[in-house]
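Each chain, letter by letter, is given below.
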Amino acid sequence: MRSPRHMRIIEIDITNACDKRCSNCTRLCGHHKKPYFMSFDTFKRAVDSLDGYHGIRSMMGGEPTLHPEFEHFIRYLGSKFPKRDNPYVYPQKDFIKQVHRVELDNFQMINDDIERIDVVGAGMFSNMGVTYKKHYEIISDILPFQGLNDHLNPIYHQSALITRKDLGIADDKWLKLRDACWLQNEWSASITPKGAFFCEIAGVLDMLFDGPGGWVIEPEWWKRAPDEFGDQLHWCEMCGFALDTFTRDSAEEIDDVSPTMFEMLKGIDSPKLKSGRVNLIRVENGKISEDSKKENKHFSAAMPYIEHYEDRFNALNSILFVREFDDVTIAENDSFGTELNKALANAKEWLLLYRNDVKLPNGFKERLSKYVLNPGTLHVSDDFALFSKNALSLREFGFDRIAHTKTFGEIINAWQPNKVIPLSFEAFDKAGKRLQVNKETKYVIWGTGSAGDLAVDIINSAGGKIVLAVDKDCYKHGKDFYGVTIQPPGKLLMVDFDVLIAANYTRFTEIKREAVAIGIPADKIQYINSLA
């Protein structure tokens, strides 16, 4: 097990309200009769309690952007860290890749008994729905880390609601499985309205089954070591993540549960159980019967739910793309502000303001629809201006003041300066490209999880060459990884290469040590952030 102080993330569970009904949701959404919304006072205590923690302080749900005070929450969370540059002011043609690169750009060396490289700052997890889109401007202003997954591509969830006792696992074997649980070791501790927990699943089980609550939310609670977890460990008895079970496509909206958990769900009158979206597994001689299983996909700690990082975002169906604009032409005279207010009131969201009597270039809207636009940005050219009615700059300027403007120049002057962007596709596509890849260099990637995905994208985008990918996970060996076959680390000695990229967020030191031990020169080994 791992102390929260050494986890890369500690979650603050601000709500369990969600607009999805995923199979085997780790937050157990759908089983609560009524969603909760954390109070700001509790949230403030939660954030303050993490002062000194070297990792990501993250808002979690459910879907956190559904919280009615989300903007208030994120502003307070952001106040704990220095203001950062916002690369999302430019429209994003490869949105999910930009999210990953922003995370990489914010990495720093951490040495808190365990040396690692990671983000120290604010973050959140989201499924990128309507409310995420609503808050996208302020999210991009503040957060260096976003754990995003729109759930539009197939993803596979393991069930939390399978107990070891239902599988007949003896105590001695169970203790070894529990202490090696991939989720507690690789993911996060959490804070709920009922206290702080050594594991995020313990927190949600306590909320669902009206448990005794967690530790007091106070400074340095997260420094507890595993031998101090105490009574919270009883939640592990109700959790299936340490067990070798199976997974199910989240889109099926079915939870897999063992008999003990089935009865407990009946006891709390679970809405999801009553609606018939629960599969009661059958256990025979300590094994889950094959007819009870759905997908027998292997998962790993590095990427347990989805094959590649970019699959977290569906570039064809995402609501983040802007495919409709309200076209308006407003003369610059004494009534300009009044007419602009009318246009804003009637617009669905985005306005394309014609500043001169010209025609829109052929294919302009279709081309622009392939970019994710930040609703806080103002895009201007000599002839057009493109902006969202929901921009913070307009809200701060105020509709009363808008009514007294006579020219669009007054609006431009009132806009946040860093969010006024030339309306130029060439400017969009050049923004944020700072790749340091040498085309003549032959790269090897060690690690085929999300960091490996990012390394491949950066190297391929710059025309570099990847000659090998290696991973210690034997289930991945022989599988394709962006055109190369994943091999065990021992194959490194059989390939000619110039640079080994350690593509793992928390195990750079471990990878370097193992690579040197098998004969790789230390000066050939670099961390992934050397690419950015």
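A brief look at the structure comes next. (Residues numbered from 1 in each chain as written. Predicted model: local features only at pLDDT ≥ 70, side-chain atom pairs only at ≥ 80, totals over all residues. Heavy atoms only, no water.)

Looking now at unusual backbone geometry. Following glycine 61, the chain continues into glycine 62 via a peptide bond in cis, with omega recorded as 20 degrees. When you line up the elements, glycine 62 lands in the loop between β2 (56–60) and α2 (70–78). Non-glycine residue aspartate 113 carries a positive phi angle of around 75 degrees. Here aspartate 113 falls in the exposed class, since its relative accessible area comes to 62%. Here tyrosine 482, not a glycine, exhibits a phi torsion of approximately 55 degrees, which is positive. Mapping tyrosine 482 onto the fold places it in the loop between β22 (480–481) and β23 (484–487). (Helix = DSSP H or I, 4+ residues; strand = E, 2+ residues; numbered from the N terminus. Buried < 20%, exposed > 50% of the residue type's maximum accessible area, 1.4 Å probe, protein only.)

By the definition in use, this model includes 26 aromatic pairs. A network of ring pairs unites the aromatic residues Tyr88, Phe95, Tyr132, Tyr136, Phe313 and Phe321 as a single cluster. Above the ring of phenylalanine 497, the side-chain terminus of lysine 524 is found at 4.5 Å from the ring centroid. (Phe/Tyr/Trp six-rings, centres within 6.5 Å; stacked < 30°, edge-to-face > 60°. Lys NZ or Arg CZ within 6 Å of the ring centre and 35° of its normal.)

Below, the discussion takes up the environment of asparagine 106. When you line up the elements, asparagine 106 lands in the loop between α3 (95–105) and β3 (107–112). Note on asparagine 106: relative accessible area 24%, which makes it partly exposed. Placed 14 residues apart in sequence, asparagine 106 and valine 120 show a C-alpha to C-alpha distance of 7.8 Å. Leave out the neighbours within four places in its chain, and asparagine 106 touches Arg84, Asp118, Val119, Val120 and Pro144. A distance of 2.7 Å separates a polar side-chain atom of asparagine 106 from the backbone oxygen of valine 102. (Contact = heavy atoms within 4.5 Å. Polar contact = N/O pair within 3.5 Å; in protein donor to acceptor, adjacent residues only side chain to side chain.)

Quick look at the nonpolar core now. Formed by 82 residues in total, the largest nonpolar core has its most connected members in Phe43 and Phe95. Beyond its immediate chain neighbours, meaning those up to four positions away, phenylalanine 43 contacts Ile12, Ile14, Met38, Met59, Phe73, Tyr76 and Leu77. Core analysis: the next-biggest nonpolar cluster, separate from the first, contains 44 residues, Ile9, Val437, Ile459 and Ile525 among them. (Core = buried A, V, L, I, M, F, W, Y, C linked by side-chain atoms within 4.5 Å.)

Our focus in this paragraph is the sheet that holds strand β17 (residues 378–380). Each strand in a sheet pairs with another by means of backbone hydrogen bonds, the pair being arranged parallel or else antiparallel. On the basis of which strands lie adjacent, the open sheet formed by 5 strands has the order β15-β16-β18-β17-β19 and mixed pairing. The two strands at the open ends of the sheet, each matched to only one other strand, are β15 (326–329) and β19 (420–422). Strand-to-strand twist in this sheet, taken as the mean axis angle between neighbours without regard to direction, amounts to 25 degrees. Inspection of the sheet shows β15 paired to strand β16 (residues 350–354) by 4 bridges, in the parallel sense. (Pairing = 2+ DSSP bridges. Axes fitted to C-alpha atoms, helices over the stretch in contact; angles between N-to-C directions.)

Here we take up the sheet that holds strand β25 (residues 525–527). The strand order across the open sheet built from 6 strands is β22-β23-β21-β20-β24-β25, with neighbouring strands paired in mixed fashion. A strand with exactly one partner marks an edge of an open sheet, and here the two such strands are β22 and β25. Along the sheet, helix α17 (residues 450–461) makes contact with β20 (442–446), β21 (465–470), β22 and β24 (499–502), crossing β20 at roughly 165 degrees. Set on the sheet, helix α18 (residues 508–517) makes contact with β20, β24 and β25; between it and β25 the angle comes to about 170 degrees.

Turning to the pairing of β3, a few remarks are in order. As paired elements, β3 and strand β4 (residues 114–119) share 6 bridges and run antiparallel to each other. Considered in β4, the bridge of asparagine 111 is made with glutamate 115. The loop that links β3 with its antiparallel partner β4 comprises 1 residue; one of these, aspartate 113, has a positive phi angle of about 75 degrees.

Glancing now at the pairing of β23. Where β21 and β23 come together, 2 bridges link them in parallel fashion. Bridged to valine 470 within β23 is glutamine 487. By the bridge criterion, 2 bridges tie β22 to β23 in an arrangement that is antiparallel. Residue phenylalanine 481 lies in a different strand from β23, and its bridge partner there is valine 484.

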